[in-house]
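# Tertiary structure, described
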Amino acid sequence: RLVKAASPEPRSQHLFIAMSLEREKYRSKGLKEGDDDVRVFFKDPYNVRGKDRLLCFVSEHTRYPFVVVYNDEKWNMEKRFSDFAELDAQLDEAFKSDDNIVLPEFPPKKYFGSLSPALIKERQEALEKYMKALVKDSEVMKCRVLREFLETPDIVGKDKHKEYDFGRR
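Residues numbered from 1 in each chain as written. Predicted model: local features only at pLDDT ≥ 70, side-chain atom pairs only at ≥ 80, totals over all residues. Heavy atoms only, no water.

Across all of its chains, the model carries 7 salt bridges by this definition. With a shortest N-O distance of 2.9 Å, Glu 148 and Arg 144 are connected by a salt bridge. With Glu 148 and Arg 144 both in helix H5 (residues 144-150), this residue pair falls 4 residues apart, about one helical turn. (Salt bridge = Lys/Arg side-chain N within 4 Å of Asp/Glu carboxyl O. Helix = DSSP H or I, 4+ residues; strand = E, 2+ residues; numbered from the N terminus.)

Here you go:
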């Protein structure tokens with residue numbers, strides 16, 4: 001007598017389980033279904049000496065490196081303070097008529113002592129707080145200006161960040 005082997009679960013049940021796990025991933029992170037999981041982590045900033053001179057002073061600026069985690073992808077980025085300030089101005093413009101969106105406060109610009117280690121550390125912490133608040137807001141994350149700044153794959157293409165390396169600046 002032949003015994004028929006138990007048939008595997010129907011495909012639809014596998015799909016249901018996968019969708020449930022995906023929903024749980026979003027719930028555990030406080031996300032709604034369809035929202036992107038975006039996080040930023042700042043690294044130690046560093047100064048870059050330029051080739052330009054102003055009177056007898058060599059130009060120098062600080063770069064703020066950070067890691068962007070976007071759903072299941074991650075990549076390194078680095079920006080100057082002025083890049084973040086430009087992003088803030090563009091976001092202010094994009095959301096000026098939307099009373100439902102409250103953008104986080106951007107750290108103030110300092111004209112003197114901008115290369116002091118204490119100010120650089122203070123700015124790094126303030127920029128990290130600012131960026132974390134931006135990416136946490138699902139409505140702000142839909143803004144193309146922010147997505148371009150972060151170079152998200154839907155804007156720059158999936159292959160842009162393939163060669164991710166944690167050690168690279």
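A few words now on the packing of aromatic side chains. Scanning the model with the defined rule gives 7 aromatic pairs in all. Relative to Phe 84, the ring of Phe 42 lies with its centre 6.0 Å away and its plane at 35°, an arrangement referred to as tilted. Of this pair, Phe 42 sits in strand S1 (residues 38-42) while Phe 84 sits in helix H2 (residues 81-95), placing them 42 residues apart in sequence. In this pair, the class of Phe 42 matches that of Phe 84, namely buried. Ring geometry for Phe 81 versus Phe 106: centroids 5.3 Å apart, planes at 40°, classification tilted. In this pair, Phe 81 sits in helix H2 while Phe 106 sits in the loop between H2 and helix H3 (117-136), placing the two residues 25 residues apart along the sequence. Grouped by ring-pair contacts, the aromatic residues Phe 42, Phe 66, Phe 84 and Phe 149 constitute a single cluster. When the ring centre of Phe 149 is taken as origin, the NZ or CZ atom of Lys 79, which lies over that ring, is 4.5 Å away. (Phe/Tyr/Trp six-rings, centres within 6.5 Å; stacked < 30°, edge-to-face > 60°. Buried < 20%, exposed > 50% of the residue type's maximum accessible area, 1.4 Å probe, protein only. Lys NZ or Arg CZ within 6 Å of the ring centre and 35° of its normal.)

Take the environment of His 61 next. When you line up the elements, His 61 lands in strand S3 (residues 57-70). Of the residues examined, His 61 reaches a relative accessible area of 18% and is grouped as buried. Each C-alpha atom, one on His 61 and one on Gly 50, is 7.7 Å from the other, the two residues being 11 residues apart in sequence. If near-sequence neighbours (up to four positions away) are discounted, His 61 is found in contact with Tyr 46, Asn 47, Val 48, Arg 80 and Leu 115. (Contact = heavy atoms within 4.5 Å.)

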